[in-house]
Amino acid sequence: MFLRAVAAFRERITLRVLLLVSLVFRLALLLYGEWQDSRFAVKFTDIDYHVFSDASRHVIHGESPFLRATYRYTPLLAFMLVPNHLLFFSFGKVLFILCDLLVGLIINEILRLKGVKRHSRLLSVSVWLLNPLTATVSARGNAESFLAVLVLLSLLCLLRGRVTLSAVTYGAAVHVKIFPAIYSLPILLYLQDRDNPGAGSSCHKRLFKPSSSVVSLLLKRTRGFPNVQQLRYVVVSSAVFFSLTGIFYLLYGSEFVHEAYLYHVTRRDIKHNFSPYFYLLYLIQGTSLSLPVGLLAFLPQVGLLLAAAISLHRDIVFCCFVQTFVFVTFNKVCTSQYFLWYLCLLPLLLPFSNMGLRQWTAITTLWFTGQGVWLFLAYCLEFKGYNTLHSYCGWLDFSSSSSMSLLSPESSPLTPSHLSHPHKTHPHLSHPHSSVEMTANVKNTT
Amino acid sequence: MRKPSLLFCLSVLPVVYGVTIDLSIIGKTEDLGKLAAATSGSLEEIEGSVEYGLEGEGYHRDLVVTLKRQGRGRGTDWIVVVNVTSQFYIDLDQISQMAAFGGPDLISSGHINTEQNVADSGSHIVLVYVTMRGSETEVKVPLHLRYQATGSTPYSAAIIPTPHLLMKVPEGGTVSLPCFPTSPSPLCLWRRPSLPAPSHPPLVAMVPIGQNNHLIPVVVVTVFLTFGSMLYLMQTLSHLTSKDKNCESVNINLMDIERVLVFPSKEVPICHLGFNKTSEL
C-alpha cells in the first residue's frame, strides 16, 4: 500500500511540478529577503547585487558602470539590471531566479538527449532546482545562474550538433566571465572526434605504447585539425566575444578591459579564502618569491586542464565538469560563488554515476564538513581575532582530500560508468529511444 | 575674532551618506592636526567629556565615541574627525546601508578601497557628524582592520589614531566644514573645544598576522598537496583512459544500409561506435 502510494506520488511529479515548486520556493526566499533587508542591518541581499544596481544607475545617467567601486563584471550585466531603477529594485533577482529555472530545463533537455529515463532526469534536475544553496544564491541577487544558462546552452547545442548556435552562446559566456575559455580545447577536440570518430579510438592507441607522452597523445588527438566545424566554432565564438568586448571597449575604454578581465587574471587575494594558496601568498607578499611562486601556482591548474581536455573530451559534459572543478580547486582565489560554476554541471553526471545513496551521502557530508570547518576557522580569525592561520595546513589537507575523493578512479561517484566500467552501457551508444538493437534490412552488403 | 582661513573653505561636491566629498582643500591631516593644536582658549560654555573606545574583536570593530555634557550651553552639533590610516578602513557602502537603521552620518575625504592591504592603501579623513540630544550621546562607527604585514609574533598592533573633536559654533570658528553630511550643504564654522578631559592614548587593536617562521612548512605543505594532487589526478585520468584501450572502436558505413543490428561482445566490448557523416545513430 505504502509502496503503491510512493509510486503514485512519483508518477505525479513532472518537470512542470518541479519548476512550479522551485519557483515558489525561490519567490518565497526573495520575499523573505525583502522583509529582512527592511528590518535588519544584516542584509539578506548579496552585496554584489547592490554593486550591479549601483552600476546600472550610472548606466542610466550615461556614465561608466565602473564608476561604481568593485564593479568587475561585463557592462552587459549593468545594462540588464537597468529595470531595477525603472521598474522595481528586485527585478534583477527575479531575472536570476528565472535563469535558475532555465538551467533546470536545460539540464533536463541534455539528459533527455543522452537517453536518461524520466525518473532519473527529474531526480537530477531536482538536485539543482530544489537545492537550497542554489536557490538562496539567486534569491540573494547573485548573477551566477545567468552564466550557468549560457554554459549549459552551449553544451546543449553542441550535443545537438548545432555548432553555430553553440559557438554564439559560448562566445557570450566567455565575455560574461573569462573562465569558460578553459572549455575551448575540449570543445575543439570533441568537434574533431565528431567529424572523424576514429581519430581518438583505441585502435589507434594500440599503435602507441601505454606510456605515451602527452605531446604524442595531443598530436594523435589533433590529427586532421582543423576541420570545418572547428573553424566555424572558433570564428563564430571569437566574433561574438570580440563584438561584445569591442562595443564595450568603445564605450568605456581600457578601464572596462582591466576591471572585467585583467583584474581577474592578476588577482591575488591574501585574505582568507578557499584557495589552497592564500596563506602562502600572504606570507610571500612583497618579497622576491611573490612573482615566481605566483607563476608556479599556475602549473597544477594548467597541467590538469590540459590533461582533462585530452583525456575526457569525448564525453564533453564530464570533461567540462572536471575542468571546472580543477580550475576552481587549484585557483589562487576561491570564494563560495565559484562552487556554482561546477555545481550546475553536477546534475548532468548523476544518472551515469556508479555510486549508491550511501556513498553519495558520505561524499556530500565530507564536502560540506570541509567547507564548514574552513568557514569556522575563518570566523574565528575574522570575528574573534584568534590566529587560526597556522591551522590552515591541517584543514587544507582535509579539504583537498575531500575534493580529490570526487575524482578517485575506483570510488569516484562521478566517473561515468563507461569510463570506470567499459563493459557497462556507454552513453555514446544510447539513443533518445534507448535502443541499441535495431532491425536491419540490408540492401547491399559492404 | 579669527576669520576662517581661505585655505579651509570648502567647495562641496554632491554628498550623500557615506559618499566622498572633496576635502582636499581643507588641507591634509597634518594641517588639521596643527590647526587643532593651535586653537587657543577654553570653551567656557560647555563642560563635558569625550571618550573613545573600540568594541569587538578580530578584524571588525566599532569605534565608539561617547560625548557627555554637563549643563546647558551651545555646541550640540559635533564632528568627530577620524584619521583613517592605511591600517584600517571604513566601508562607505556599509555606512550607506546602515543609514536607515540609525547608522552614523559621515563623509569621507576620498574613496576608501576596502580590498587593499596595509602596504598598498593610503589614508583618509572621515568626518562623523553627531547631534547631541540629552546629556550623553554615543555613536558607533564600524571599522575594519586590514591585513597587516607578516611578522615573528602571532599578533600585531594596529594603531587607530585618537579622533579629533570639532564643535559647531556661530562665530569664532577656525575651520569651515559642511553643516550637514548631505548634499548640498552650506558651510558652518567649527572649532575644537577645550574639554576638561585627559588626552586619550591611541586606540590599539591586536590583529592576527601571518608568521614568518611558517613560510617553509607552508611552502612544503602547499607544494606537496597541490602538486601531489595534480599527479594523483593525472594518474587517475591516465587510468581512466587506459581502460579505453581494452575495447574496440567500430566504424560502420551506412551508405547502403537502412538499419543496423549491433551486438556488443562481452569479450571485446565496444567503446566507440562511429557512423558516416550522413547518418546519425
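Residues numbered from 1 in each chain as written. Chains lettered and ligands numbered in written order. Predicted model: local features only at pLDDT ≥ 70, side-chain atom pairs only at ≥ 80, totals over all residues. Heavy atoms only, no water.

1. Focus: the overall build of chain B
To keep it simple, the criterion reads: Secondary structure follows DSSP: runs of H or I at least 4 residues long count as helices, runs of E at least 2 residues long count as strands, and numbering of each begins at the N terminus. Exposed residues in this analysis have more than 50% of their type's maximum accessible area, buried residues have under 20%, and partly exposed residues fall in between, with area computed by a 1.4 Å probe over protein chains only. Contacts between residues were defined by any pair of non-hydrogen atoms, one from each residue, lying within 4.5 Å. For the area figures, the Shrake-Rupley method with a 1.4 Å probe applies, and any residue is considered shielded solely by the protein chains shown.
When helices and strands are tallied, chain B shows three helices and 14 strands. The 281 residues of chain B split such that 46% are buried. Long-range pairs, those at least 24 residues apart, make up 68% of the contacts in chain B with a sequence separation of at least 6. Counting only carbon and sulfur atoms, one obtains 56% of the accessible surface of chain B, whose full area is about 13,600 Å².

2. Here we look at the environment of Thr-324 of chain A
All names here are of chain A. Relative to the helices and strands, Thr-324 is located in helix H19 (residues 316-329). Placed 14 residues apart in sequence, Thr-324 and Tyr-338 show a C-alpha to C-alpha distance of 9.3 Å. Those residues in contact with Thr-324 that lie beyond four places of it in its chain are Phe-179, Ile-182, Tyr-183, Trp-341, Tyr-342 and Leu-345.

3. Points about the packing of helix H2 (residues 15-39) of chain A against helix H7 (residues 118-129) of chain A
Residue and element names in this part refer to chain A. So the rule is basically this: Axes here mean lines fitted to C-alpha atoms, for a helix over just the part in contact, with angles spanning 0 to 180 degrees between N-to-C directions. Roughly parallel here means an angle under 35 degrees, roughly antiparallel means over 145, roughly perpendicular means 65 to 115, and every remaining angle is called oblique. Here the nonpolar group is Ala, Val, Leu, Ile, Met, Phe, Trp, Tyr, Cys and Pro; Asp, Glu, Lys and Arg are the charged ones; every other residue, Gly included, is treated as polar.
Following both chains from N to C, one finds H2 and H7 inclined at 10 degrees, their axes separated by 10 Å at the closest point. For the element pair H2 / H7, the angle class is roughly parallel. On the side of H2, the interface is formed by Leu-15, Leu-18, Leu-19, Ser-22 and Arg-26, while H7 contributes Leu-122, Val-125, Ser-126, Trp-128 and Leu-129. Among the residues forming the contact of H2 with H7, the class breakdown is seven nonpolar, two polar and one charged.

4. Comments concerning the UniProt feature "transmembrane region" (unreviewed entry) in chain B
As a reminder of what qualifies: UniProt positions are given in the numbering used here, feature names are shortened, and annotations may be inferred rather than shown by experiment.
Taking the UniProt record as the reference, the feature "transmembrane region" (unreviewed entry) is found at residues 215-234 of chain B. For residues 215-234 of chain B, the helix share is 100%, the strand share is 0%, and the end-to-end C-alpha distance is 28 Å.

5. Considering the sheet that holds strand S6 (residues 124-131) of chain B
Strand pairing in a sheet relies on backbone hydrogen bonds. The paired strands run either parallel or antiparallel. Residue and element names in this part refer to chain B. Here is the rule we go by: Pairing between strands is defined by DSSP: at least two bridges between them are needed.
Pairing in this open sheet of six strands is antiparallel, and the strands run S5-S6-S3-S9-S11-S10 from one edge to the other. Each edge of the open sheet carries a strand with a single partner, namely strand S5 (105-108) and strand S10 (175-178). Taken over all neighbouring pairs, the strand axes of this sheet differ in orientation by 35 degrees on average, direction set aside. One ladder, built from four bridges, connects S10 with strand S11 (residues 187-191); its direction is antiparallel. Across the sheet, residue Ser-176 finds its bridge partner in S11, namely Leu-189.

6. With respect to a nonpolar patch on the surface
For the record, the criterion: In this scheme, patches are assembled from residues that exceed 30% relative accessible area and form no salt bridge. Like charges are connected within 9 Å, while nonpolar side chains (Val, Leu, Ile, Met, Phe, Trp, Tyr) are connected within 5 Å. Salt bridge, as applied in this entry: a Lys or Arg side-chain nitrogen positioned within 4 Å of an Asp or Glu carboxyl oxygen.
A contiguous nonpolar surface patch, about 460 Å² in accessible area, is contributed by Tyr-386 of chain A together with Tyr-155, Ile-159, Val-204 and Met-206 of chain B. Taken together, the elements giving at least two residues each to the nonpolar patch come down to strand S8 (155-160) and strand S12 (203-208) of chain B. When you line up the elements, Tyr-386 of chain A lands in the loop between helix H21 (357-383) and helix H22 (392-404).

7. Details of unusual backbone geometry
The phi angle at Thr-70 of chain A is positive, at roughly 70 degrees, despite the residue not being glycine. Structurally, the position occupied by Thr-70 of chain A is in the loop between helix H3 (47-60) and helix H4 (75-80).

8. Here's the deal with H7 of chain A
Residues and elements named next belong to chain A. To keep things clear, this is the line we draw: The span expected for a helix works out to 1.5 Å for each residue beyond the first.
Over its twelve residues, H7 extends 16 Å from the first C-alpha to the last, a length consistent with the 16 Å expected when each residue adds 1.5 Å. The set of residues buried in H7 consists of Arg-121, Leu-122, Ser-124, Val-125, Ser-126, Trp-128 and Leu-129. In the core, the buried residues of H7 are packed alongside H2, helix H6 (91-113), helix H8 (132-139) and helix H20 (339-343).

9. Some words on the nonpolar core
Counted only if it meets this: Buried Ala, Val, Leu, Ile, Met, Phe, Trp, Tyr and Cys residues form a nonpolar core when they are joined through side-chain atoms within 4.5 Å. Where each domain begins and ends follows an automated or database-derived domain assignment.
Membership of the largest hydrophobic core comes to 155 residues, with the highest contact counts inside it found for Leu-152 of chain A together with Ile-90 of chain B. A domain split of this core shows at least three residues from each of domain 1 (6-209) and domain 2 (211-245) of chain B. Setting aside residues up to four positions removed in sequence, Leu-152 of chain A forms contacts with Val-103, Ile-106, Ile-107, Ile-110, Cys-344, Leu-345 and Leu-348 of chain A. Judged by nonpolar contacts, the second largest core, of twelve residues, contains Val-81, Val-175, Leu-177 and Cys-179 of chain B.

10. Section: the confidence of the model for chain A
All names here are of chain A. The cut-off we apply is this: Per residue, pLDDT measures the predictor's confidence, with a range of 0 to 100.
Averaged over every residue, the pLDDT of chain A is 82; the share at 70 or more is 77%. Overall, residues 197-212 carries pLDDT values under 50, and its contacts beyond four positions in sequence, including any with other chains, amount to 36 contacts. Every residue in residues 409-414 is under pLDDT 50, and counting partners more than four places away or in other chains gives 27 contacts.

11. A look at the UniProt feature "transmembrane region" (unreviewed entry) in chain A
All names here are of chain A. Following the UniProt record, the feature "transmembrane region" (unreviewed entry) maps to residues 13-33, 86-108, 170-191, 231-252, 277-299, 305-327, 339-357 and 363-381 here. Taken end to end, residues 231-252 comprises 100% helix and 0% strand; its first and last C-alpha atoms sit 31 Å apart. Across residues 339-357 one finds 32% helix and 0% strand; the C-alpha atoms that close the span lie 22 Å apart.

12. Concerning the side chain of Ser-353 of chain A
As a reminder of what qualifies: Any pair of N or O atoms that falls within 3.5 Å is considered a polar contact. Within protein, one atom must be able to donate a hydrogen and the other to accept it, and sequence-neighbouring residues count only if both atoms are side-chain atoms.
Its location among the elements puts Ser-353 of chain A in the loop between H20 and H21. A polar atom in the side chain of Ser-353 of chain A sits 3.1 Å from the backbone nitrogen of Met-355 of chain A.

13. Some points on the pattern of salt bridges
In the structure shown here, the tally under the stated rule is 15 salt bridges over all chains. In this structure, the salt-bridge partner of Arg-72 of chain A is Glu-259 of chain A, at a minimum N-O distance of 3.0 Å. Linking Arg-72 of chain A in the loop between H3 and H4 with Glu-259 of chain A in helix H15 (residues 254-266), this pair joins segments that are 187 residues apart in sequence. For Arg-72 of chain A, a relative accessible area of 13% corresponds to the buried category. Ionic pairing is found between Lys-384 of chain A and Glu-57 of chain B, a salt bridge with its closest N-O pair at 3.7 Å. With Lys-384 of chain A in the loop between H21 and H22 and Glu-57 of chain B in the loop between strand S1 (47-55) and strand S2 (60-70), this pair bridges two chains. Judged by its relative accessible area of 41%, Glu-57 of chain B is partly exposed. Through salt bridges with shared partners, a single network forms among Asp-54, Arg-57 and Arg-68 of chain A together with Asp-93 of chain B.

14. Section: the state of the cysteines
Selection criterion: When two cysteine sulfur atoms are found within 2.5 Å, that pair is recorded as a disulfide.
In this structure the tally under the stated criterion is one disulfide over all chains. Between the sulfur atoms of Cys-179 of chain B and its disulfide mate Cys-188 of chain B the distance is 1.7 Å. Taking the torsion about the sulfur-sulfur bond, which here is approximately 100 degrees, the covalent link between Cys-179 of chain B and Cys-188 of chain B counts as right-handed. Taking relative accessible area as the criterion, Cys-188 of chain B reaches 16% and is therefore assigned buried. No disulfide involves Cys-319 of chain A; its sulfur sits 5.8 Å from that of Cys-320 of chain A, the nearest cysteine. When its relative accessible area of 0% is taken as the criterion, Cys-319 of chain A is described as buried.

15. Concerning the environment of Val-116 of chain A
Residue and element names in this part refer to chain A. Inspection of the secondary structure assignment puts Val-116 in the loop between H6 and H7. Taking C-alpha positions, Val-116 is 24 Å from Ala-308, a pair spaced 192 residues apart along the chain. Sequence-distant contacts of Val-116, defined by excluding residues within four places in its chain, comprise Leu-111, Arg-121, Pro-351 and Phe-352.

16. Structural notes on H21 of chain A
Residue and element names in this part refer to chain A. For H21, built from 27 residues, the straight-helix expectation of 39 Å at 1.5 Å per residue is met to within 8% by its first-to-last C-alpha distance of 37 Å. Restricting attention to buried positions, one finds in H21 the residues Trp-360, Ile-363, Trp-367, Gly-370, Gln-371, Trp-374, Leu-377, Ala-378, Cys-380, Leu-381 and Glu-382. Gly-385 lies just past H21 and shows a positive phi near 80 degrees.

17. Here we look at the packing of helix H9 (residues 144-159) of chain A against helix H10 (residues 163-176) of chain A
All names here are of chain A. Let me state the cut-off plainly: Definitions for this section: a left-handed crossing has its near helix turned counterclockwise from the far helix by less than a right angle. A right-handed crossing has that turn clockwise.
In contact at an axis separation of 8 Å, H9 and H10 are set at 155 degrees when each is read in the N-to-C sense. In terms of orientation, H9 lies roughly antiparallel with respect to H10. Classified by chirality, the crossing of H10 by H9 is left-handed. In this structure, H9 uses Phe-146, Leu-147, Leu-150, Val-151, Leu-153, Ser-154, Cys-157 and Leu-158 to contact H10, whose residues at the interface are Leu-165, Ser-166, Thr-169, Tyr-170, Ala-172, Ala-173 and Val-176. When grouped by side-chain class, the residues that make up the contact of H9 with H10 number twelve nonpolar, three polar and no charged.

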